[in-house]
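A structural walkthrough
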Amino acid sequence: MISCGWTVFVVSEDRVVSCLESFAKILADPKGYDPERLKGLSQSAPDPVSSFILATLSSDEAAMQCKFQELADHVSCLGSFSAWFNLALLARSLFFHQAAIEYYERALHLAEVQYDKKRASLALSGLGKLYAEVEDWERSAGCYKRAHQCLIEAGQPSEALTVL
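Let me sum up the structure you'll find in this document. (Residues numbered from 1 in each chain as written. Predicted model: local features only at pLDDT ≥ 70, side-chain atom pairs only at ≥ 80, totals over all residues. Heavy atoms only, no water.)

This part takes up the nonpolar core. Core analysis: the biggest nonpolar cluster contains 52 residues, and Leu20, Phe23, Val49, Phe68, Leu87 and Tyr103 have the highest contact counts within it. Top element by residues in this core is helix α6 (residues 97-113). It accounts for nine residues. Residues within four places of leucine 87 in sequence aside, it is in contact with Leu20, Phe68, Leu71, Ala72, Val75 and Tyr103. (Core = buried A, V, L, I, M, F, W, Y, C linked by side-chain atoms within 4.5 Å. Buried < 20%, exposed > 50% of the residue type's maximum accessible area, 1.4 Å probe, protein only. Helix = DSSP H or I, 4+ residues; strand = E, 2+ residues; numbered from the N terminus. Contact = heavy atoms within 4.5 Å.)

Structural data, given as structure tokens:
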């Protein structure tokens, strides 16, 4: 059970993270997302993930914003790198760029606090992609350089090639 503010959630962190990851993968499909896959995921996903999926399917911008904020509030209670990282992927897929930047930064902070250089590199790479999308080349390059350095420090030089 997770209590945060006035809301109490009885959901395992793993289940939320898994559903967020599945949701992000469905939205990232290069052919476009399949609404039926999202409906299926919403039926098995815990709330507030399920509510956000349904709001996304409704295309009601106000409902999406409200449910997205509820989902972010829930994720903040979890304190999980994976939850923030997957929420950032979702925000990026939905063109919520400012939210995606904030969530990648929160994921990065957690990775740094946990001295997890590999995860820090993932968050920095995500930030680099976002900054590149808005043609902020200086910030993008800075994020990619830091991501590369994190992988070198983590002893993952072969994975550093993907950042390059």
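Right, let's talk about unusual backbone geometry for a bit. The bulk of non-glycine residues show a negative phi, and the bulk of peptide bonds are trans. Here the amide bond leading from aspartate 47 into proline 48 is cis, since omega sits at 10°, within 30 degrees of zero. Inspection of the secondary structure puts proline 48 in the loop between α2 (35-44) and α3 (49-58). Of note, the phi angle at glutamate 135 is positive, near 60°, even though the residue is not glycine. With respect to the helices, strands and loops of the structure, glutamate 135 is situated in the loop between α7 (117-133) and α8 (137-153). A residue is classified by how much of its surface remains accessible, and glutamate 135, at 56% relative accessible area, is exposed.

All right, on to α3 then. Extensive coverage of α3 is indicated by the burial of seven of its 10 residues. When we look at burial in α3, the residues that qualify are Val49, Ser50, Ser51, Phe52, Ile53, Ala55 and Thr56. Buried-residue contacts for α3 involve α1 (13-27), α2 and α4 (61-78). Immediately beyond the C-terminal end of α3, within one or two residues, lies serine 59, with a positive phi of roughly 60°.

With 17 residues, α6 should cover 24 Å at 1.5 Å per step; its first-to-last C-alpha distance of 24 Å lies within 8% of that length. For α6, the complete set of buried residues consists of Ala99, Ala100, Ile101, Tyr103, Tyr104, Ala107, Leu108, Leu110 and Ala111. Its buried side turned inward, α6 meets α4, α5 (81-93), α7 and α8. Immediately beyond the C-terminal end of α6, within one or two residues, lies tyrosine 115, with a positive phi of roughly 55°. (Expected span 1.5 Å × (residues − 1).)

Where charged atoms from two side chains of opposite charge approach closely, those side chains can pair. Under the criterion given, the structure shown has nine salt bridges. Put simply, glutamate 102 and arginine 106 hold a salt bridge, and the shortest N to O gap is 2.9 Å. On the criterion of helical spacing, the pair formed by glutamate 102 and arginine 106 is a turn pair, its members being four residues apart in helix α6. You can call arginine 106 partly exposed: its relative accessible area is 35%. Between aspartate 136 and arginine 139 there is a salt bridge whose closest N-O contact spans 3.8 Å. Its relative accessible area of 49% is what places arginine 139 among the partly exposed residues. (Salt bridge = Lys/Arg side-chain N within 4 Å of Asp/Glu carboxyl O.)

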